[in-house]
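Observations on chain architecture
So you can see what is in the structure, the chains are spelled out below.
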Amino acid sequence: GDQVEQSPSALSLHEGTGSALRCNFTTTMRAVQWFRKNSRGSLINLFYLASGTKENGRLKSAFDSKERYSTLHIRDAQLEDSGTYFCAAEPSGSFNKLTFGAGTRLAVCP
Amino acid sequence: NSKVIQTPRYLVKGQGQKAKMRCIPEKGHPVVFWYQQNKNNEFKFLINFQNQEVLQQIDMTEKRFSAECPSNSPCSLEIQSSEAGDSALYLCASRGQGKYFGPGTRLTVL
């Protein structure tokens, strides 16, 4: 079936540094979303991409359907960025299903 | 971020009892989804529907789960006879540009 492999599973960053999260897809996906789970457990939408890149503040995401991957770059990490990040992808031909990655637990340290 | 409303936030039931949770999707989003998230952060698609019609559902939901989305009323997901393995976070999402998730109903089956 459609699978989403998300890495790393856990990441520790010092304030002010940056890194990238990645999701690889085993099949062609038509779109990808990135979420952050907040302290109350709610999924906060970060990005929705059908192609290309999007940037919002210190976050930037890219999606390449042909190469079957998506990335989320965080720069100048702040303490409040700590949390669990998920990618989720829509298989080609389906507007309805959404397959989630296993999540990346990000800890930003002073 | 998301305006999807889910109630109740927490639900505790005994085995064999009915468990019902509700969702009000974002206004103007005709497609509604239910997902089950377990304690390992794994997401399982359960059912989705559009304008009161079921689009897709997995086998589990065909047997013990029922969902409906009547016009002018909240959508609902009901487990007819709860089992211990049903303990999870149940997430409702509606579709705009990408999916917007509610905060979830955490079901505990004792």
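Remember, it's a predicted structure, so these values are computed and weren't measured experimentally. (Residues numbered from 1 in each chain as written. Chains lettered and ligands numbered in written order. Predicted model: local features only at pLDDT ≥ 70, side-chain atom pairs only at ≥ 80, totals over all residues. Heavy atoms only, no water.)

**Some details on the overall build of chain A**
A count of helical and extended segments in chain A gives zero helices and 11 strands. In chain A, the succession of α and β elements from N to C terminus is β-β-β-β-β-β-β-β-β-β-β. Computed over the C-alpha atoms, the radius of gyration of chain A is 13 Å, within 12% of the 13 Å expected from 2.2 N^0.38 for a compact globule of 110 residues. Overall, the C-alpha framework of chain A stretches about 45 × 25 × 20 Å when taken along its three principal axes. Each of the 110 residues in chain A was classed as buried or not, and the buried ones make up 46%. Pairs at least 24 residues apart make up 56% of the contacts formed inside chain A by residues separated by at least 6 positions. When the accessible surface of chain A is split by element, carbon and sulfur atoms take 46% of a total near 5,200 Å². Of the side-chain charges in chain A, 13 are positive and 10 negative, and the distance between the mean point of each set is 5 Å. (Helix = DSSP H or I, 4+ residues; strand = E, 2+ residues; numbered from the N terminus. Rg over C-alpha atoms; globule rule 2.2 N^0.38 Å. Buried < 20%, exposed > 50% of the residue type's maximum accessible area, 1.4 Å probe, protein only. Contact = heavy atoms within 4.5 Å. Areas by Shrake-Rupley, 256 points an atom, 1.4 Å probe, with all protein chains shown as cover. Lys, Arg positive; Asp, Glu negative; His and termini not counted. Charge placed at Lys NZ, Arg CZ, Asp CG, Glu CD.)

**Regarding the interface of chain A and chain B**
Each partner contributes residues to the interface: chain A has 21 residues there, and chain B has 20 residues. When chain A packs against chain B, close to 1,700 Å² is buried across both sides, 49% of that on carbon and sulfur atoms. On inspection of chain A and its partner chain B, the count reaches two salt bridges. For Arg95(B), the salt bridge identified is with Glu90(A), shortest N-O distance 2.5 Å. Our enumeration of links across chain A and chain B arrives at seven residue pairs in polar contact (both at pLDDT 80 or more). (Buried area = accessible area lost by both parts, 1.4 Å probe. Salt bridge = Lys/Arg side-chain N within 4 Å of Asp/Glu carboxyl O. Polar contact = N/O pair within 3.5 Å; in protein donor to acceptor, adjacent residues only side chain to side chain.)

**Points about the state of the cysteines**
Residues and elements named next belong to chain A. One pass over the structure, following the stated rule, counts three disulfides over all chains. At a sulfur-sulfur separation of 1.8 Å, the disulfide partner of cysteine 23 is cysteine 87. Judged by the sign of its S-S torsion, about -100°, the bond between cysteine 23 and cysteine 87 is left-handed. Here cysteine 87 lies in strand 9 (residues 83-91) and cysteine 23 lies in strand 3 (residues 19-25), a separation of 64 residues in the sequence. Ordering the disulfide-forming cysteines of chain B by sequence position, one finds them joined as 1-4, 2-3. (Disulfide = S-S within 2.5 Å.)

**Some remarks on the pattern of salt bridges**
The tally for this structure, following the rule as stated, stands at six salt bridges over all chains. When the shortest N-O distance is used, the salt bridge between Arg64(B) and Glu83(B) registers 3.4 Å. In this pair, Arg64(B) sits in the loop between helix 1 (59-63) and strand 7 (65-68) while Glu83(B) sits in the loop between strand 8 (75-79) and strand 9 (88-96), placing the two residues 19 residues apart along the sequence. Salt-bridge contacts for Asp86(B) lead to Arg64(B); the nearest nitrogen and oxygen are separated by 2.8 Å. In this pair, Asp86(B) sits in the loop between strand 8 and strand 9 while Arg64(B) sits in the loop between helix 1 and strand 7, placing the two residues 22 residues apart along the sequence. With relative accessibility at 17%, the residue Arg64(B) sits in the buried group. Salt bridges linked by common partners bring Arg30(A), Glu90(A), Arg95(B) and Lys99(B) together as one network.

**Notes on the side chain of Arg95(B)**
With respect to the secondary-structure elements, Arg95(B) resides in strand 9. The exposure class of Arg95(B) is buried, given its relative accessible area of 12%. A distance of 2.5 Å separates the side chain of Arg95(B) from the side chain of Glu90(A), its partner in a polar contact.

**What about the confidence of the model for chain B?**
Looking at chain B as a whole, the pLDDT averages 89, with 96% of positions reaching at least 70. Here helix 1 of chain B is the element of chain B with the lowest mean pLDDT, 69, and strand 2 (residues 10-13) of chain B is the one with the highest, 97. (pLDDT = per-residue confidence, 0-100.)

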